[in-house]
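# Geometric and topological summary
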Amino acid sequence: PSLWWRMSKAVMGPAKQHERVWDAMFVAKFRVDAEYCVISQKWWAAWCAYLGMKFSAGPGVEEELAEVLRLEDGGPRPAPGPIRNESLCEAVAGSEKAVLRRDVVEGEDYWVIPRGAWELLEAWHGGGAAVPRRGVL
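Residues numbered from 1 in each chain as written. Predicted model: local features only at pLDDT ≥ 70, side-chain atom pairs only at ≥ 80, totals over all residues. Heavy atoms only, no water.

### Regarding the environment of Ala91
Counted only if it meets this: In this description a helix means any DSSP run of H or I spanning at least four residues, a strand means any run of E spanning at least two, and both kinds are numbered starting from the N terminus.
For Ala91, the location among the structural elements is in the loop between strand E3 (89-90) and strand E4 (99-100). For the pair Ala91 and Arg101, spaced 10 residues apart in the sequence, the C-alpha separation amounts to 9.0 Å.

Here you go:
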């Protein structure tokens, strides 16, 4: 495995996770046809609490996400556990691919994050299922 993969699997504290995910989310600008992943709003809120960050659900615009990702002071918090996207997905006969349910709403039920941020979170916390999306205008 690559050095990046081995480093991403290393146990990282909340502050380092915040830094790495912040970089993955905001250093890489939105690109049409880039790959993104869906992440459960409930899990995202638990991860934010673990980091001691403010969290408010709403549209995923950059200014609001910047507010969401602002660290707050506080003591140790429990880790969020494995990523759980199952409630967002529906089964498709004969396929192992995760398909987003039609009745879920971005900003209420889930967030869309860059693939790199998803890979970091999945490496640190496990779980899934990955639900890939492509950037569109």
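### Some points on the environment of Ala46
Checked against the element boundaries, Ala46 lands in helix H3 (residues 41-51). Along the backbone, Ala46 and Ala79 are 33 residues apart, and their C-alpha atoms lie at a distance of 7.8 Å.

### Remarks on the sheet that holds strand E1 (residues 35-40)
Just so we agree on the cut-off: Here, strands pair whenever DSSP counts at least two bridges between them. Axis definition: a line fit to C-alpha positions, over the contact stretch in the case of helices; interaxial angles, taken between N-to-C directions, run 0 to 180 degrees. Whether two residues are in contact is decided by their heavy atoms, any of which lying within 4.5 Å being enough.
The strand order E5-E1-E7 describes an open sheet built from three strands, whose pairing is antiparallel. Two strands bound the open sheet, and with one partner strand each, they are strand E5 (110-114) and strand E7 (132-134). Each strand of the sheet is rotated relative to its neighbour by a mean of 40°, with strand direction disregarded. Examined bridge by bridge, E1 and E7 share three bridges and lie antiparallel to one another. Paired with Glu35 across the two strands is Arg134, which belongs to E7. Relative to the sheet, H3 contacts E1 and E5, its axis offset from that of E1 by approximately 80°. With respect to the sheet, helix H5 (residues 115-125) is in contact with E1, E5 and E7, its orientation differing from that of E5 by roughly 105°.

### Let's talk about the packing of aromatic side chains
The cut-off we apply is this: Any two rings among Phe, Tyr and Trp, with Trp reduced to its six-membered ring, count as a pair given centres within 6.5 Å; such a pair is stacked if its planes are under 30 degrees apart, edge-to-face if over 60, and tilted if neither. Classification of residues uses two cut-offs on accessible area relative to the type maximum, computed with a 1.4 Å probe and protein chains only: under 20% is buried, over 50% is exposed, and between them is partly exposed.
Evaluated as defined, the whole model comprises two aromatic pairs. Ring geometry for Trp44 versus Trp111: centroids 6.5 Å apart, planes at 45°, classification tilted. Note that Trp44 is positioned in helix H3 and Trp111 in strand E5, a separation of 67 residues in sequence. Its relative accessible area of 0% is what places Trp44 among the buried residues.

### Description of the confidence of the model for the chain
Short version of the rule: Confidence scores per residue from the predictor, reported as pLDDT, run from 0 to 100.
With 67% of its residues at a pLDDT of 70 or more, the chain has an overall mean of 75. Averaged pLDDT values for the elements of the chain fall to 49 in helix H4 (residues 62-68) and rise to 91 in strand E2 (residues 83-84). Note on residues 58-62: pLDDT is under 50 here. Beyond four places in sequence and across chains, it has nine contacts.

### Re the pairing of E5
Put simply, side chains in a regular strand alternate between the two faces of the sheet. Of all five residues in E5, four are buried; the element is thus mostly enclosed. In the sheet, E1 pairs with E5 via five bridges, with the strands oriented antiparallel. Paired with Ile39 across the bridge in E5 is Trp111.

### Quick word on the nonpolar core
Definition in use: By nonpolar core is meant a set of buried Ala, Val, Leu, Ile, Met, Phe, Trp, Tyr and Cys residues that side-chain atoms within 4.5 Å join together.
Among the nonpolar cores identified, the biggest contains 22 residues, and Val21, Met25, Ile39, Trp44, Trp47, Ile113 and Leu121 are the most heavily contacted of them. Counting residues per element, the ones that place at least two in this core are helix H2 (14-26), E1, H3, E5 and H5. It is H3 that provides the largest number of residues to this core, a total of six residues. Core analysis: the next-biggest nonpolar cluster, separate from the first, contains eight residues, Cys89, Ala98, Val104 and Val131 among them.

### With respect to the side chain of Ser40
Defined as follows: In the analysis that follows, any N or O atom pair within 3.5 Å is treated as a polar contact, provided that within protein one partner can donate a hydrogen and the other can accept it, and provided that, for residues neighboring in sequence, both atoms belong to side chains.
Mapped onto the secondary structure, Ser40 falls in strand E1. Side-chain polar atoms of Ser40 contact the backbone nitrogen of Lys42, separated by 3.2 Å. With sequence-adjacent residues up to four places away left out, Ser40 is seen in contact with Arg84, Asn85, Leu88, Asp109 and Tyr110.

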